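Geometric and topological summary
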Amino acid sequence: MALTEEPATAVRRMPAAKAAAPYAIAVAGLIAALVLGFVIHAPTIWGLLPIGMYAVLSLCGMNLLLATVVSLLAAILLVHRSPTDVGTLLGTSLGDTVTLIGLICLLGAGLGEVLRQTGAAGILVHGILRMARRDSQLAIHFGVMLSCLVLTFALGTLAGALAIAAPIVVPVMARAGLTRSTTATVMFLGGCAGLALAPFAGSNIAILDASGLDYGTYVLVGAGPLAVLSLALSLVVVPRVQRRSAAAGDDFYEDIDTGAGDEPSGARGARATWAFAVALVVSVGYATAGKSGTAFPLLALPTMAALTAAAGGLSVKDTIDAFCRGAARMVETFLLFWMLAAFFLAVNELQPYEVLLNRFGPQLHGLAPLPFAIAVALLGWLGVPGATAAHVVLLNKVFGPLGTSIGLTPAAWAVTYLWGSKADTYGPYPNANMMAALGFAEGTRLRTLLTVGWTLLIPAAAMYALILALLL
């Protein structure tokens, strides 16, 4: 009897052991940092220990904010800072570019809630869907895809955009006889394309800041080709998903009010939509023409929210309440980037990158720009976990100076950072964006969405390799 019971007990203990593994690694890393802090001095290769801890803890599934805090503590122990110095470090990091990216994410979420409250977000989706022929599945799939693209472009967040779009587009897809898997595919491809294009998305702000590129050129060489490829491949991918999921017979919507999504919009909502659209175009145009830096969205996003709310008839109190309610959803993201900024400042004091460059610089300087850029993009895709903007910041901290010295141009860096930070959205594993699209579409077939991601991932990788070859 014991022979049969013991393996069962071991199997039950495995999930608990797996869940405890990140915390055991964190404790071991902190102890090592505490001991090493007494014997090392900058510059030292041991400064990479917190970076390694951050990667391992994130890959093990630890909450990103907690993983960042633990890694920051390890860096503080290595540099042997006093509590007063730690307070100074945290204060200094509040003004860092990395923290500003987190603040931009927070402000974007506030704008999104204002759009929802005024009805402008719904009107944007309705307006696009009205252009689609109701008797054509192809036209409807393009209309829904463009709706998700435009809304994500405007808000700079995929999950927030799909949450607004789903109640409108799901009934439309159900009425047309399209399946849950097809709806999830369309929302995923459209939302991800919009996220790559979004001018005030935190990840794209990070790419523009790290590469030094203007937004117009970024769209031309980086985000634009991905959006066009997504739309083009949807002509093949979406009908195939529809055929296969429809043949199964169990993936159609049931008990969905197919009349939903046709509600007329009020005059205030229409005014709010026009105010937002004009403000967005003016802001993007100004940012592009004036080559505005990372700080511009700090003014643009609240201004767009205020103009939209005023046009939509929201009172000052309701506007503030809506904006703060939306922003509150991104507080954890803001704290993540604040801690990440302090983390990088602490690691920089240890100067591990200088040690690496002194040791391997001559060999890396001999590497051609194209293979170097591809290697960095692959490392970002497979080896650097975390939020997309954090991907970019980390890649730039480690490889930016070296890549620029061997000839990578701002445009080439933008492509490298874009693909290195966003490729994992499409595979090889499930991710938050996939799950968001699947959830809002009320779908259950994750394997289908993984296949869709890989179908885009492979040609997109080849496309960006060709673009890099042309740029370099």
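Just above, that's the structure.
A brief structural summary. (Residues numbered from 1 in each chain as written. Predicted model: local features only at pLDDT ≥ 70, side-chain atom pairs only at ≥ 80, totals over all residues. Heavy atoms only, no water.)

Where helix H10 (residues 202-211) contacts helix H18 (residues 388-405), the axes come no closer than 7 Å and their chain directions differ by 15°. Our classification of the angle between H10 and H18 gives roughly parallel. Crossing geometry of H10 relative to H18 is assigned as left-handed. In contact with Gly-202, Ser-203, Ala-206, Ile-207 and Ala-210 of H10, H18 contributes Thr-388, Ala-389, Val-392 and Asn-396. Grouping the constituent residues of the contact of H10 with H18 by class yields five nonpolar, four polar and no charged. (Axes fitted to C-alpha atoms, helices over the stretch in contact; angles between N-to-C directions. Helix = DSSP H or I, 4+ residues; strand = E, 2+ residues; numbered from the N terminus. Parallel < 35°, antiparallel > 145°, perpendicular 65-115°, else oblique. Left-handed = near helix turned anticlockwise from the far one by under 90°. Contact = heavy atoms within 4.5 Å. Nonpolar A, V, L, I, M, F, W, Y, C, P; charged D, E, K, R; others polar.)

Counting through the fold element by element, Thr-185 comes out in helix H9 (residues 180-197). Beyond its immediate stretch of four places on either side in the chain, Thr-185 contacts Val-237, Val-238, Val-241, Leu-449 and Val-452.

For the bond from Ala-42 to Pro-43, the omega torsion is -5°, close enough to zero to count as cis. A positive phi angle, near 60°, is found at His-80, a position not held by glycine. Structurally, His-80 is set in the loop between helix H3 (64-79) and helix H4 (83-93). Classification of His-80 as partly exposed rests on a relative accessible area of 43%. (Buried < 20%, exposed > 50% of the residue type's maximum accessible area, 1.4 Å probe, protein only.)

Before going further, it helps to examine the packing of aromatic side chains. Within this structure, the stated rule accounts for eight aromatic pairs. Taking the centre distance of 6.0 Å and the plane angle of 40° together, the rings of Tyr-54 and Phe-343 count as tilted. A residue pair is termed long-range when its members are at least 10 positions apart, and Tyr-54 in helix H2 (residues 48-59) and Phe-343 in helix H15 (residues 331-350) qualify at 289 residues. In terms of burial, Tyr-54 and Phe-343 fall into one category: buried. Centre to centre, the rings of Phe-188 and Tyr-426 are 5.8 Å apart; their planes meet at 75°, and the pair counts as edge-to-face. Of this pair, Phe-188 sits in helix H9 while Tyr-426 is found in the loop between helix H19 (410-422) and helix H20 (432-440), placing the two residues 238 residues apart along the sequence. Classification of Tyr-426 as buried rests on a relative accessible area of 2%. (Phe/Tyr/Trp six-rings, centres within 6.5 Å; stacked < 30°, edge-to-face > 60°.)

This next bit is on the nonpolar core. Proteins that are soluble and globular tend to have nonpolar side chains buried together. Residues Leu-151, Tyr-218 and Phe-343 are the most contacted members of the largest nonpolar core, which totals 140 residues. Of all the elements, helix H8 (residues 158-175) adds the most residues to this core, at 12 residues. Beyond its immediate sequence surroundings of up to four residues, Leu-151 is in contact with Ala-121, Leu-124, Val-125, Ala-161, Ile-164 and Ala-165. Among the nonpolar cores identified, the runner-up in size contains 13 residues, and Ala-26, Ala-67, Val-70 and Val-79 belong to it. (Core = buried A, V, L, I, M, F, W, Y, C linked by side-chain atoms within 4.5 Å.)

Once that is clear, we can look at the pattern of salt bridges. Scanning the model with the defined rule gives five salt bridges in all. The partner of Glu-113 in a salt bridge is Arg-329, and the shortest N-O contact between them spans 3.1 Å. Here Arg-329 lies in the loop between helix H14 (316-328) and H15 and Glu-113 lies in helix H5 (residues 97-118), a separation of 216 residues in the sequence. Residue class for Glu-113 comes out buried when judged on its relative accessible area of 3%. The exposure class of Arg-329 is exposed, given its relative accessible area of 55%. (Salt bridge = Lys/Arg side-chain N within 4 Å of Asp/Glu carboxyl O.)

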